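# Secondary and tertiary structure notes
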Amino acid sequence: MSFIIAEIAQAHEGSFEKALSYIDALSETGVDAVKFQVHIADAESSIYEPFRIKFSDRYKTRFDYWKHMEFSLEEWVQLKARCEEKGIEFMASPFSNAAVDLLERVGVKRYKIGSGEVNNFLLLEKITRTGKPVILSSGMSSFEELDASVYFLRSKKVEFSILQCTTAYPTQPENYGLNVIPELKERYGVKVGYSDHSAKIETCIAATALGAEILEFHAVFDRDSPGPDASSSLEMDEITQLVTAVRDLETAFKNPIDKSDNSSFRELKNIFEKSLAVNKDLAEGHILTFENLEAKKPKGHGVDASEFEKILGRRLKKDLKKWDFLQSSDLE
């Protein structure tokens, strides 16, 4: 069954109450987990960090933005408790060793590694020392770089999975990279998923059809709201639609159809399939041609329509009226 993660990230805009409201809303969509990002500005950033997207004049530096996004340990604990109350898993991506320490105090089941941290072996080492499973996003990594990270994780005997991801906001169809999903599965032999920034539900649906077992996407109340990820996010009603579609696909995958056996359609075939009839009055002795024939429902009231070639050139033993079914006994 696919593990579906809705990422809140910074959509809460630094508001603890808004973060809680996101948890409440997402718990109604059917997702398995909500994911935050834990940014501790002093540990991960500096005043020299450039903005990826300059979305607001409120912050002079990216460092200031991260400062505003911070929650206290007590608030993180309350966010996790709200998730548990709502029956969904609390997840978070750490962006510093200090963030890992915080999340260990909060208590998480697993760690999600963001695309920019795949080659941060200091952070990977910190996380592997917890012994918890890792979900690795591959957005900015080549196979060569992923190979190194995978080798590192395997050397630490840590359970991990990998997400195909394109670090572009929003991602355009020509950059989805859906073809990479089976390539990752074949190359590394681990559970593979898809981290989406397209703001379209069909992307994750397609990823599921291609074998993705983990889905991640950004969530937002309003795609027109401020924030660096808003335009790349799904809104609540879209998330509900996506979850329903993915669960329907899972049901389909669990119930393969045996195309060699159509016995269950016997009654329907008798209704929808057809018998041969003549399309005009024909006299005894008439030699049947293709132009004389029509196929009419239901099956079983004359020669099967599938057998029409066998009666071409045959002579009638009796007069037939227009639209009469054609029986084998009517032929010499």
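Residues numbered from 1 in each chain as written. Predicted model: local features only at pLDDT ≥ 70, side-chain atom pairs only at ≥ 80, totals over all residues. Heavy atoms only, no water.

Going by an unreviewed UniProt entry, the protein carries the name N-acetylneuraminate synthase and comes from Salinimicrobium catena.

### Considerations on the overall build of the protein
As a reminder of what qualifies: Strands are runs of DSSP state E lasting at least two residues, helices are runs of H or I lasting at least four, and both sets are numbered from the N terminus onward. Pairs of residues are marked as contacts when any of their non-hydrogen atoms sit within 4.5 Å. Positive charges come from Lys and Arg alone, negative charges from Asp and Glu alone, with His and the N- and C-terminal ends not counted. Charged groups are reduced to one reference atom each: NZ for lysine, CZ for arginine, CG for aspartic acid, CD for glutamic acid.
Each helix and strand in the protein was counted, giving twelve helices and ten strands. Taken along its principal axes, the extent of the C-alpha atoms in the protein is 100 × 40 × 35 Å. Nonlocal contacts in the protein, meaning residues at least 24 apart in sequence, comprise 65% of its contacts between residues at least 6 apart. The averaged location of the 55 negative side-chain charges in the protein is 4 Å from the averaged location of its 43 positive side-chain charges.

### Topic: the state of the cysteines
Formally, a disulfide is one covalent bond, and it connects the sulfur atom of one cysteine to the sulfur atom of another. Keep this limit in mind: The definition used for a disulfide is geometric: two cysteine sulfur atoms within 2.5 Å.
Inspection of every chain in the model, using the stated rule, returns zero disulfides. Its sulfur unpaired, C83 is 19 Å from the next cysteine sulfur, which belongs to C204.

### Concerning the side chain of E216
For clarity, the cut-off: Pairing of N or O atoms within 3.5 Å defines a polar contact, subject to two protein rules: one partner must be a possible hydrogen donor and the other a possible acceptor, and residues neighboring in sequence count only if both atoms are side-chain atoms.
Position of E216 among the secondary structure elements: in strand β8 (residues 214-218). Only 2.6 Å separates the side chain of E216 from the side chain of S195, close enough to count as a polar contact.

### A closer look at helix α5 (residues 97-106)
The test is simple: We call a residue buried when its accessible area falls under 20% of the maximum for its residue type, exposed when it is over 50%, and partly exposed in between, using a 1.4 Å probe and counting protein chains only. Read the arc as the range of directions from the helix axis to the C-beta atoms.
Looking only at α5, the buried set comprises A99, V100, L102, L103 and V106. All buried residues of α5 lie within an arc of 160° about the axis, which places them on one face of the element. Those residues of α5 that are buried are in contact with β2 (33-38), α4 (73-85), β3 (89-94), β4 (111-113) and α6 (121-128). Residue G107 follows α5 closely and has a positive phi angle near 100°.

### Quick look at the nonpolar core
Operational definition: Nonpolar cores were defined as sets of buried Ala, Val, Leu, Ile, Met, Phe, Trp, Tyr and Cys residues, with membership established by side-chain atoms within 4.5 Å.
Core analysis: the largest hydrophobic core is formed by 66 residues, its most contacted members being L79 and F90. For this core, the leading source of residues is helix α1 (residues 16-27), giving six residues. Beyond its immediate sequence surroundings of up to four residues, L79 is in contact with F16, A19, L20, I23, F36, F71 and F90. Counting residues in hydrophobic clusters, the runner-up holds eleven residues, among them L282, I311, L326 and L331.

### Considerations on the packing of aromatic side chains
Selection criterion: Between 30 and 60 degrees the pair is tilted, below 30 it is stacked and above 60 it is edge-to-face, where a pair is any two Phe, Tyr or Trp rings, Trp via its six-membered ring, whose centres lie within 6.5 Å. Charge-over-ring placement is defined geometrically: NZ (Lys) or CZ (Arg) within 6 Å of the ring centre, and within 35 degrees of the ring normal.
Summed over the entire model, instances satisfying the criterion amount to nine aromatic pairs. Centre to centre, the rings of F290 and F308 are 5.8 Å apart; their planes meet at 65°, and the pair counts as edge-to-face. With F290 in the loop between β9 (275-278) and β10 (293-296) and F308 in helix α12 (residues 308-311), this pair connects stretches of sequence that are 18 residues apart. Note on F290: relative accessible area 52%, which makes it exposed. Of the residues examined, F308 reaches a relative accessible area of 27% and is grouped as partly exposed. Members of the aromatic cluster, connected to one another through ring pairs, are F16, F36, F71, W76 and F90. Over the aromatic face of F3 sits the side chain of R110, whose NZ or CZ is 4.4 Å from the ring centroid. Sitting above the plane of the F143 ring, R187 keeps its charged end 4.4 Å from the centroid.

### Points about the pattern of salt bridges
Our working definition: Throughout this description, the term salt bridge denotes a Lys or Arg side-chain nitrogen within 4 Å of a carboxyl oxygen of Asp or Glu.
Inspection of every chain in the model, using the stated rule, returns 23 salt bridges. Members of the salt-bridge network, linked through shared partners, are E7, K35, K112 and E216.

### With respect to the sheet that holds strand β6 (residues 160-165)
This is how the line gets drawn: Strands were regarded as paired on the criterion that DSSP finds at least two bridges between them. Only C-alpha atoms enter the line fits that serve as axes; for helices the fit covers just the stretch in contact. Angles between N-to-C directions range over 0 to 180 degrees.
What the eight strands build is an open sheet, ordered β3-β2-β1-β8-β7-β6-β5-β4; its pairing is parallel. Edge positions in the sheet fall to β3 and β4, since each of these pairs with one other strand and no more. Ignoring strand direction, the axes of neighbouring strands in this sheet form an average angle of 25°. Both strand β1 (residues 3-7) and β8 contribute to a ladder of five bridges, which runs parallel. What sits directly across from E7, in β8, is H218. Each of β6 and β7 (192-196) is contacted by helix α8 (residues 180-188), which is oriented at about 155° to β6, the strand it contacts most.

### A short note on the UniProt feature "domain: AFP-like" (unreviewed entry) in the protein
Heads up, the rule is: UniProt positions are given in the numbering used here, feature names are shortened, and annotations may be inferred rather than shown by experiment.
Taking the UniProt record as the reference, the feature "domain: AFP-like" (unreviewed entry) is found at residues 275-332. A distance of 19 Å separates the end C-alpha atoms of residues 275-332, which is 7% helix and 14% strand.

### Points about the pairing of β3
Counting buried positions along β3 gives six out of six residues, so the element sits mostly inside the fold. Residue alternation in β3 divides its side chains into two sets, E89, M91 and S93 and F90, A92 and P94, and both sets are buried. In terms of strand pairing, β2 meets β3 through six bridges, oriented parallel. When the sheet's bridge partners are listed, V38 is paired in β3 with P94.

### So, the domain arrangement of the protein
The condition that has to hold: Domain start and stop positions are those given by an automatic or database domain assignment.
What the domain assignment reports for the protein is domain 1 (3-254) and domain 2 (263-330). Each of domain 1 and domain 2 has a C-alpha centre, and these two points are 63 Å apart.

### Focus: the packing of α6 against helix α7 (residues 143-155)
For clarity, the threshold we go by: In what follows, roughly perpendicular refers to angles from 65 to 115 degrees, roughly parallel to angles under 35, roughly antiparallel to angles over 145, and oblique to any angle outside these ranges. Should the near helix be turned anticlockwise from the far one by less than a right angle, the crossing is left-handed, and should it be turned clockwise, the crossing is right-handed. Three classes are used, and their members are as follows: Ala, Val, Leu, Ile, Met, Phe, Trp, Tyr, Cys and Pro are nonpolar, Asp, Glu, Lys and Arg are charged, and the others, Gly among them, are polar.
Relative to each other, α6 and α7 sit at 30°, their axes nearing to 11 Å. When the interaxial angle is binned, α6 and α7 end up roughly parallel. For the pair α6 and α7, the sense of crossing is right-handed. Facing α6, whose interface residues are F121, L124, E125 and T128, α7 presents A148, S149, F152 and L153. Counted by class, the contact of α6 with α7 contains five nonpolar, two polar and one charged residues.

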